[in-house]
Amino acid sequence: MDRKTVGVIGGGIMGVDIARRLCREGFEVSLMEGSPEIGGLASPSKFGDYTWDKFYHVILPDDLFTLNMIKELGLENEIKWNETKTGFFINDKYHSMSDVIEFLRFPALNLIDKFRLGLTILAGSYIKDYERLETIPVTVWLKRWSGKNTFNRIWLPLLKAKLGDDYKLTSAAFICATIKRLYGARKKGAKKEVFGFVRGGYARILAAMKEKIKSEDINTITNFKVVSVSQTPQHDLIVKSVDNKEMVFNYVITSLPSFVTASVCHDLTDIEREKLKNIKYLGVICISLLLNKKLTPYYVTNITDERIPLTGVIEMTALVGTSFFGGNSLVYLPKYVNSEDQMFNLSDQDLKESFIASLKLIHPSLKDDEIISCQVAKAKYVITLPEMGYSSNLPSFKTSVDNLFVINSSFITDGTLNVNETLKVADTYFPKVLKIIKNEE
Ligand SMILES: Cc1cc2nc3c(=O)[nH]c(=O)nc-3n(C[C@H](O)[C@H](O)[C@H](O)COP(=O)(O)OP(=O)(O)OC[C@H]3O[C@@H](n4cnc5c(N)ncnc54)[C@H](O)[C@@H]3O)c2cc1C
């Protein structure tokens, strides 16, 4: 009997994982990716003479799906765990907030505020009822637990830095998921923050992944930007690329962002398309600098100063060390913005100038000749905005079009966007798709 064919659209971590699961179930699988390489948001980039992730990535001790993936790729011994520090830039000064002692010494809050902030973090990391959290605005939840002073001095600037004005639409699920993730950086019983990475970054993971899918006989088609998916009278699905190439499959699973899925899947009902398009995404603009000096000892510096339009500063070499970069430092300057933000229309040169100017506000001693290279990376549809009632408005993974399914990161409802949650979504939804397909056979 001929094997059933499945097309998976999108060659990011999600698409690759789904393609590999299908292959293990005996399907004939094609993976279609619009770019020249697989990897999506986890893809690498060149920084001067060195290669690392285009966007910064760390692994947390609790990231069991990610750790399994790395083990399965044979890279388990290449993971390195390091203690890191978190900084806050408040009132023109850096403060370390990396352990309990530093937390107690933190000068920006009085003792009662600190106690309430500690309670907020505990509550955020333990609450599990995300459906209920989705009924509470994030501002209300934070004020209730932390009090007005801490809300105004710490949480509000952080919310604005992470979400812009969209924080007003966001539910408490967002902050609890964020707190839960950061709490996961404290290895069981340890008081210190610990992050991991694979030597060589995600470039190394993706290279091993490419080898794996080649050996598994998955037909990987890169430079295949999908523009339409439509149904044949026999209920097969035709996938068409921007340069008019066509492929026909018995089943299609798309891992593309919901907005893109709505635009390419022409046979969806109007209601479905509306639901997909209504999922709001935040995009990211990220400037990466290779510097010939260290900026701080912190992996993350949170900025609570609204004059500085950066979501934070990520000093990757504070975690991975400078040896991968010839003794230089790799620093990422991310800014999360609404997918429709006019910032996406600015030229790379304008973005570089404005981000470097912002960085100089918090590092006035930084000189232009200390910047070895500067890169711009942009992605329009990255994180879904956890609005009030988010999960109850999600469309189903099974579309109204026979044999067409959606599995993408919009199904993350109780976590932040990261590789672990991405793989968890695949682990939750793939068996459901498989059950439907198998019942039809
Ligand atoms: C700034 C930033 C920091 C992050 N930090 C971390 C971290 O520290 N730790 C962590 O674990 N995770 C982190 N992540 C998240 C992680 O990168 C994602 O969870 C993961 O890569 C998502 O994979 P995906 O396959 O769902 O999506 P994507 O990577 O977006 O994959 C979608 C794929 O579809 C392709 N595509 C799009 N349109 C089409 C089309 N029309 N036709 C064909 N192909 C198309 C894209 O090119 C892409 O390859 C970070 C992400 C960002 C942006």
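Residue numbering note: each chain is counted from 1, following its sequence as written. Thresholds applied to this predicted model are a pLDDT of at least 70 for local features of residues and 80 or more for the giving and counting of side-chain atom pairs; totals over whole chains, interfaces and linings are not thresholded and use all residues. The side-chain quantities take in all heavy atoms of the structure and omit both hydrogens and water.

1. Section: the environment of W145
And then number 1: Helix and strand assignments follow DSSP, with helices taken as H or I runs no shorter than four residues and strands as E runs no shorter than two, numbered in order from the N terminus. Relative to the assigned elements, W145 resides in helix α6 (residues 138-146).
And then number 2: C-alpha separation for the pair W145 and G118, spaced 27 residues apart in sequence, amounts to 9.5 Å.

2. A word on the domain arrangement of the protein chain
And then number 1: According to the domain assignment, the protein chain consists of domain 1 (5-38 + 222-279 + 394-440), domain 2 (44-83 + 193-199 + 281-384) and domain 3 (100-183).
And then number 2: Pairs of residues are marked as contacts when any of their non-hydrogen atoms sit within 4.5 Å. Each partner contributes to the interface: domain 2 provides 13 residues, whereas domain 3 provides ten residues.
And then number 3: Computed with a 1.4 Å rolling probe, the buried area is the accessible surface lost when two parts are put together, summed over both parts. Both sides together, the interface formed by domain 2 and domain 3 hides about 1,000 Å², and carbon and sulfur atoms give 49% of it.
And then number 4: Any Lys or Arg side-chain nitrogen found within 4 Å of a carboxyl oxygen on Asp or Glu counts as a salt bridge. Our count for the contact surface shared by domain 2 and domain 3 stands at two salt bridges. In this entry, domain limits derive from an automatic or database-based domain assignment.

3. Digging into empty space enclosed by the protein
Empty space left among the atoms is revealed by rolling a probe the size of a water molecule over them.
And then number 1: As defined here, a cavity is a set of points on a 1 Å grid over the protein atoms alone where a 1.4 Å probe fits but cannot get out. A pocket is an open set with protein on both sides within 12 Å along at least five of seven lines, and residues line them when an atom is within 4 Å of a point. Grid points are joined across faces, edges and corners, and a volume is the space filled by probe spheres set on the points. Per the stated rule, a full pass over the model turns up one cavity of 30 Å³ or more.
And then number 2: By volume, the largest cavity amounts to about 60 Å³.
And then number 3: If you trace the largest cavity, you find it lined by W52, D53, H57, V58, I59, G196, F197, V198, G201, Y202 and I205.
And then number 4: Secondary-structure elements contributing two or more residues to the lining of the largest cavity are β4 (50-53), β8 (193-198) and α9 (201-215).
And then number 5: Note on residue categories: nonpolar means Ala, Val, Leu, Ile, Met, Phe, Trp, Tyr, Cys or Pro, charged means Asp, Glu, Lys or Arg, and polar means any other residue, Gly included. A per-class count over the lining of the largest cavity returns seven nonpolar, three polar and one charged.

4. Considerations on the packing of helix α1 (residues 13-24) against α9
And then number 1: In contact at an axis separation of 12 Å, α1 and α9 are set at 30° when each is read in the N-to-C sense. Between α1 and α9, the angle is such that the two are roughly parallel. The crossing of α1 and α9 is left-handed. Contact residues: α1 offers I13, V16 and R20, while α9 offers Y202, L206, M209, K212 and I213.
And then number 2: In terms of residue class, the contact of α1 with α9 is made up of six nonpolar, no polar and two charged. Fitting a line to C-alpha atoms yields each axis, with helices limited to the stretch in contact; the angle taken between N-to-C directions then spans 0 to 180 degrees. What sets the label is the angle itself: under 35 degrees gives roughly parallel, over 145 gives roughly antiparallel, 65 to 115 gives roughly perpendicular, and the rest give oblique. Handedness of a helix crossing follows the sense of rotation of the near helix relative to the far helix, less than a right angle counterclockwise being left-handed and clockwise being right-handed.

5. Let's talk about α6
And then number 1: Within α6 the residues assigned to the buried category are V138, T139, W141, L142 and S146. Along α6, the residues classed as buried sweep out an arc of 165° about the axis, all on the same side.
And then number 2: Considering only its buried residues, α6 is in contact with α4 (111-126), α5 (130-133), α7 (148-163) and α8 (172-183).
And then number 3: Positive backbone phi, approximately 90°, marks G147, located one or two places after α6. Burial classification: accessible surface area is computed with a 1.4 Å probe over protein chains only, and a residue below 20% of its type maximum counts as buried, one above 50% as exposed, and the rest as partly exposed. Note: the arc covers the axis-to-C-beta directions of the helix.

6. Notes on the environment of Y336
And then number 1: Inspection of the secondary structure assignment puts Y336 in strand β17 (residues 329-338).
And then number 2: The spatial distance from the C-alpha of Y336 to the C-alpha of Y251 is 35 Å, given a sequence separation of 85 residues.
And then number 3: When residues no more than four places from it in sequence are discounted, the contact partners of Y336 are Y56, K162, G283, V284, T311 and I383.

7. Looking at the sheet that holds strand β2 (residues 28-32)
And then number 1: Two strands are counted as paired when DSSP detects at least two bridges linking them. Read from one edge to the other, the open sheet built from five strands follows the order β9-β2-β1-β13-β19, with strand pairing classed as parallel. The sheet terminates laterally at β9 (219-221) and β19 (404-406), the two strands that pair on one side only. Strand-to-strand twist of the sheet, defined as the mean angle between neighbouring strand axes without regard to direction, takes the value 20°.
And then number 2: Relative to β9, β2 runs parallel, the two sharing three bridges. Along β9, the bridge assignment pairs L31 with T220.

8. Observations regarding the nonpolar core
And then number 1: In this text, buried Ala, Val, Leu, Ile, Met, Phe, Trp, Tyr and Cys residues form a nonpolar core when linked through side-chain atoms within 4.5 Å. Formed by 51 residues in total, the largest nonpolar core has its most connected members in I18, L22, M69 and I205.
And then number 2: Residue assignment for this core shows that the elements contributing at least two residues are β1 (5-9), α1, β2, α2 (64-72), α9, β13 (251-254), β19 and α14 (419-440).
And then number 3: Ranked by the residues each element gives to this core, the list is headed by α14, at ten residues.
And then number 4: Residue contributions to this core reach at least three from each of two domains, namely domain 1 (5-38 + 222-279 + 394-440) and domain 2 (44-83 + 193-199 + 281-384).

9. Looking at the site of the ligand
And then number 1: The environment of the ligand is made up of 27 residues, and the closest members are E33, L41, Y56, H57 and V58.
And then number 2: N or O atoms within 3.5 Å of each other form a polar contact, as long as, within protein, one can give a hydrogen and the other can take it, and as long as residues adjacent in sequence are counted only when both atoms are side-chain atoms. Measuring from an oxygen atom of the ligand, one finds a backbone N or O atom of M14 at 3.0 Å.
And then number 3: In this structure, an oxygen atom belonging to the ligand sits 2.8 Å away from a main-chain N or O atom of L41.
And then number 4: Here the accessible surface of atoms and residues is derived via Shrake-Rupley with a 1.4 Å probe, and residues count as covered only by protein chains that are part of the display. Across the complex, the protein chains shield 90% of the 1,000 Å² of accessible surface that the ligand would expose by itself.
And then number 5: Taken together, the residues of the shell around the ligand sort by class into 15 nonpolar, nine polar and three charged. The criterion for a residue being near a molecule or strand is simple. One of its heavy atoms has to lie within 4 Å of it.

10. Here's the deal with the pattern of salt bridges
And then number 1: A full pass over the atoms with the stated rule returns 21 salt bridges.
And then number 2: Between E72 and R20 there is a salt bridge whose closest N-O contact spans 2.9 Å. With E72 in helix α2 and R20 in helix α1, this residue pair connects regions lying 52 residues apart in the sequence.
And then number 3: Using a relative accessible area of 37% as the deciding quantity, one classes E72 as partly exposed.
And then number 4: Here R20 falls in the buried class, since its relative accessible area comes to 6%.
And then number 5: As a salt-bridge pair, R181 and D63 come within 2.8 Å of each other at their nearest N and O atoms. A residue pair is termed long-range when its members are at least 10 positions apart, and R181 in helix α8 and D63 in the loop between β4 and α2 qualify at 118 residues. Like R181, the residue D63 is buried in the burial classification.
And then number 6: Sharing partners across several salt bridges, the network here consists of D17, R21 and D427.

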